[in-house]
2 protein chains.
Amino acid sequence: MADLNHILKTHGLRTTAIRREVMQYFLNEGKAVSHQDVEGAMPKADRVTLYRTLAALEESGIIHQVIDDDTVKKYALCGTECSGDHHHDNHVHFKCERCNDTVCLEDIKIPHINLPQGYSVDSGNLLLMGTCKSCA
Amino acid sequence: MADLNHILKTHGLRTTAIRREVMQYFLNEGKAVSHQDVEGAMPKADRVTLYRTLAALEESGIIHQVIDDDTVKKYALCGTECSGDHHHDNHVHFKCERCNDTVCLEDIKIPHINLPQGYSVDSGNLLLMGTCKSCA
DNA sequence: ACATTTATGCAACATAGTTGCAGAAATGTT
DNA sequence: AACATTTCTGCAACTATGTTGCATAAATGT
Ligand SMILES: [Mn+2]
Ligand SMILES: [Mn+2]
Ligand SMILES: [Zn+2]
Ligand SMILES: [Zn+2]
């Protein structure tokens, strides 16, 4: 609890009950979650507030967007080095096509790719799909 | 024209004016386009029909979804080897953050990534972001 | 305790995508 | 060419997802 407040403060955000609850939810889930998931977990909180909470957590470097093949936005917790100034989430994501869970593989970095002359690369997103440990 | 009809037939689809127009639009654009883009290019066609046209072209292996960081679905033409049974679109995509165009880099394949025990990978999507040739 | 700033909740709106169904067009058969 | 069958198209209605404006509530700094 105090821990969550500390994270919020060091990222320049005010400490509020909703933000702590959302962060705790991310910790519990351990996978990428959507706005709808969060809403399901805390039905008394206002929809719009949750959208703004997710936006605030993302902008301050506490969570990052996880791009996968369905169109709803999903988020997961960032590593400790992320801040409002800069995200450092260049790791691989894995989506299991059986349980539909998408997880961060923090230890697997996106490899460098050589592109033809003229392209300059700032960042990347690598999503691998298949079957996860639990579903194998 | 006859060419487009041939592609439709070999992929098990009926030849219709709308499908030819949509395919021609993909050829002209040469980049990933959204439903909204298609609708803008052919305003007399019905919205719903265009959604179903894109779905039909995707299911039959004529176009593939291009995953990028915004939430609207985008599509681009597949290579010749794709069919309804199986897509083979394991190439890299590049999104320019200035002009916002996303393109297929057909020649750059997604590298193989070693994952921890238990994960089995079927497919992947790699999106690189930065500045493209024209915007450099 | 007070002033200031920021967050929350509600209503209304905007955009993206889906479903059901009737009529139109494409295809296969005679 | 005419017909029967299948599939596509267009319209209406609906669902899902995300946004904006504004008043009130809560957090922060003094
Ligand atoms: Mn991640
Ligand atoms: Mn592609
Ligand atoms: Zn799984
Ligand atoms: Zn560009």
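Our structure is the block above this text.
The rules behind each value
Residues numbered from 1 in each chain as written. Chains lettered and ligands numbered in written order. Predicted model: local features only at pLDDT ≥ 70, side-chain atom pairs only at ≥ 80, totals over all residues. Heavy atoms only, no water. Donors = N, O, S within 2.8 Å, 3.2 Å for Na, K, Ca; no water. Helix = DSSP H or I, 4+ residues; strand = E, 2+ residues; numbered from the N terminus. Buried < 20%, exposed > 50% of the residue type's maximum accessible area, 1.4 Å probe, protein only. Tetrahedral: all angles 85-135°; square planar, octahedral: opposite > 155°, others 65-115°. Least-squares fit on C-alpha atoms with pLDDT ≥ 70 in both. Contact = heavy atoms within 4.5 Å. Phe/Tyr/Trp six-rings, centres within 6.5 Å; stacked < 30°, edge-to-face > 60°.

A. Broad picture of the coordination of the manganese ion (ligand 2). All names here are of chain B. Coordination of the manganese ion (ligand 2) by the protein involves H64 (NE2), H91 (NE2), H93 (NE2) and C104 (SG), with metal-donor separations of 2.0 to 2.3 Å. Here the donor residues of the manganese ion (ligand 2) are spaced in sequence according to H-x26-H-x1-H-x10-C. Taken together, the residues span a long stretch of sequence, with H93 in strand β4 (residues 91-96) and C104 in strand β5 (residues 102-109) at a distance of 11 residues. With relative accessibility at 1%, the residue H93 sits in the buried group. The exposure class assigned to C104 is partly exposed, which follows from its relative accessible area of 22%.

B. Geometry of the coordination of the zinc ion (ligand 3). All names here are of chain A. Every protein donor of the zinc ion (ligand 3) is accounted for by C96 (SG), C99 (SG), C132 (SG) and C135 (SG), and the metal-donor separations fall at 2.2 to 2.5 Å. Between the four donor atoms coordinating the zinc ion (ligand 3), the angles at the centre fall across 103 to 118°, so the site counts as tetrahedral. Along the chain, the residues donating to the zinc ion (ligand 3) are arranged with the sequence spacing C-x2-C-x32-C-x2-C. Within this pair, whereas C99 is found in the loop between β4 (91-96) and β5 (102-109), its partner C135 is found in the segment after β6 (120-131), the two being separated by 36 residues in sequence.

C. Molecular detail of the relation of the copies chain A and chain B. Each copy superposes on the other: chain A lies on chain B with an RMSD of 0.1 Å after a rotation of 179° and an axial shift of 0.0 Å. What the superposition gives is, in effect, a two-fold axis relating one chain to the other. In this assembly the copies share their binding face: 100% of the residues contributing to the interface of chain A also contribute to that of chain B.

D. Seen up close, unusual backbone geometry. For A:N100, which is not a glycine, the phi torsion comes out positive at approximately 65°. For A:N100, the position within the fold is in the loop between β4 and β5.

E. Highlighting the packing of aromatic side chains. Tallying each qualifying case throughout the model produces two aromatic pairs over all chains. Between A:F94 and B:Y119, the aromatic rings sit 4.8 Å apart at their centres with planes inclined by 70°, giving edge-to-face as the arrangement. Separated into two different chains, A:F94 in strand β4 and B:Y119 in the loop between β5 and β6 (120-131) make up a pair that spans both.

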